[in-house]
Amino acid sequence: MSEPILVVRDVRKSYRLGRSVIEVLRGVDWELERGAWACLVGASGSGKTTLLNLLGSLEAPDTGTIVCAGTDYAGLRRRRAAAFRNRKLGFVFQAYCLLPEFTVLENVMLPGRFSGRNLHALRSRAEELLERVGLADRLHHRPGELSGGEQQRAAIARALINDPELLLADEPTGNLDARTGASSLALFRELRAADPGRTMVMITHNPEIAAEAEIVRTLRDGVLQ
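Residues numbered from 1 in each chain as written. Predicted model: local features only at pLDDT ≥ 70, side-chain atom pairs only at ≥ 80, totals over all residues. Heavy atoms only, no water.

Here's the deal with the sheet that holds strand E2 (residues 20-32)
Pairing is antiparallel in the open sheet, where 4 strands are placed in the order E2-E1-E4-E5. The open sheet terminates on both sides in strands that have one partner only, identified here as E2 and strand E5 (71-72). (Pairing = 2+ DSSP bridges. Helix = DSSP H or I, 4+ residues; strand = E, 2+ residues; numbered from the N terminus.)

Considering the side chain of arginine 153
Mapped onto the fold, arginine 153 is located in helix H5 (residues 148-160). Salt bridges are absent for the buried arginine 153, whose nearest opposite-charge side chain, glutamate 190, sits at 5.9 Å. Reaching out from arginine 153, the side chain makes a polar contact with the backbone oxygen of valine 133 at a distance of 2.7 Å. In contact with arginine 153, not counting residues within four places along its chain, are Val133, Gly134, Leu135, Ser183 and Leu187. (Buried < 20%, exposed > 50% of the residue type's maximum accessible area, 1.4 Å probe, protein only. Lys, Arg positive; Asp, Glu negative; His and termini not counted. Salt bridge = Lys/Arg side-chain N within 4 Å of Asp/Glu carboxyl O. Polar contact = N/O pair within 3.5 Å; in protein donor to acceptor, adjacent residues only side chain to side chain. Contact = heavy atoms within 4.5 Å.)

Structural notes on the pairing of strand E3 (residues 37-41)
Burial within E3 is extensive, with 5 of its 5 residues counted as buried. Of the two faces of E3, the one holding Trp37, Cys39 and Val41 and the one holding Ala38 and Leu40 are both buried throughout. By the bridge criterion, 4 bridges tie E3 to strand E8 (residues 199-203) in an arrangement that is parallel. Across the sheet, the residue bridging to cysteine 39 is methionine 202, located in E8. Here E3 runs beside strand E9 (residues 215-220); their pairing, made up of 4 bridges, is parallel. Looking at E9, one finds that leucine 40 is bridged to arginine 217.

Details of the nonpolar core
If you look at the biggest cluster of nonpolar residues, it comprises 34 residues, and the most contacted ones within it are Trp37, Leu130, Ile156, Leu167, Phe188 and Met202. Residue assignment for this core shows that the elements contributing at least two residues are E3, helix H3 (104-114), helix H4 (119-132), H5, strand E7 (166-170), helix H6 (178-194) and E8. Looking at this core, the element that brings in the most residues is H5, giving 6 residues. Excluding its chain neighbours within four sequence positions, the residues that come into contact with leucine 167 are Gly90, Phe91, Val92, Ala159, Leu160, Phe188, Arg198, Thr199, Met200 and Val201. Counting residues in hydrophobic clusters, the runner-up holds 31 residues, among them Ile5, Phe84, Ile203 and Leu224. (Core = buried A, V, L, I, M, F, W, Y, C linked by side-chain atoms within 4.5 Å.)

Notes on helix H1 (residues 48-55)
Of all 8 residues making up H1, 7 are buried, and the element is well covered by its neighbours. Within H1, the full set of buried residues consists of Lys48, Thr50, Leu51, Leu52, Asn53, Leu54 and Leu55. Note on H1: the residue one or two positions beyond its end, serine 57, has a positive phi of about 60°.

Overview of the sheet that holds E3
A sheet is described by the order of its strands in space; here 6 strands give the open sequence E6-E7-E8-E3-E9-E10, paired in mixed fashion. The outermost strands of the open sheet, each flanked by one partner alone, are strand E6 (89-92) and strand E10 (223-224). Helix-sheet contacts for helix H2 (residues 78-88) involve E6 and E7, and the interaxial angle to E6 is about 80°. (Axes fitted to C-alpha atoms, helices over the stretch in contact; angles between N-to-C directions.)

Quick notes on the packing of H5 against H6
It is the contact of H5 with H6, at a shortest axis distance of 10 Å, that shows an interaxial angle of 20°. Classified by the interaxial angle, the pair formed by H5 and H6 is roughly parallel. Relative to H6, H5 is oriented so that their crossing is right-handed. Here Gly149, Gln152, Arg153, Ile156 and Leu160 of H5 come into contact with H6, specifically with Thr180, Ser183, Ser184, Leu187, Phe188 and Leu191. For the contact of H5 with H6, a count of residues per class yields 5 nonpolar, 5 polar and 1 charged. (Parallel < 35°, antiparallel > 145°, perpendicular 65-115°, else oblique. Left-handed = near helix turned anticlockwise from the far one by under 90°. Nonpolar A, V, L, I, M, F, W, Y, C, P; charged D, E, K, R; others polar.)

Here's what the structure looks like:
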């Protein structure tokens, strides 16, 4: 068997709110094999986004260890963590997080620019991804000129630009209507079929997305059930 892409051991995370300490994660343990499609579900406020941020090295746990793609996050300083995220991880946020002053093409190319890739090859890759997600005619539009579904598709293309080993998605259909959400789900399904070796971890309240996943874990009382 191949080495798991994610190994999480006794991860705990709390936040201070005034004089109170809010325990969000109370000892999460998880191993995820490469190539799996996993969904995290749970009630609002259960800590799903906190856990996803920890898996993406956007935050650090209070205690416990996270090893992703053979890299122990405990050994990553700020600059190395940013470089690791750029090379190994792709992020799809519920709010899209596209930069409004850039065109769709420029937004998708941006992570590749940070990694120092050849500009000509990067542009070709971005155009190929935008064609794959159905935005070949929107390359030079700005995010404000796109529908919500189109913005989400652009965000998915951006997440894939550096060919990440792990794709992390936080409620990717949360801001979309039912029809557009179904279209985005179909896109994830197509991407999965085209590259079954890529690992995907999604937070969702959408039962249709959860039904597509091979692994569904519920976060309850700060622990993965």
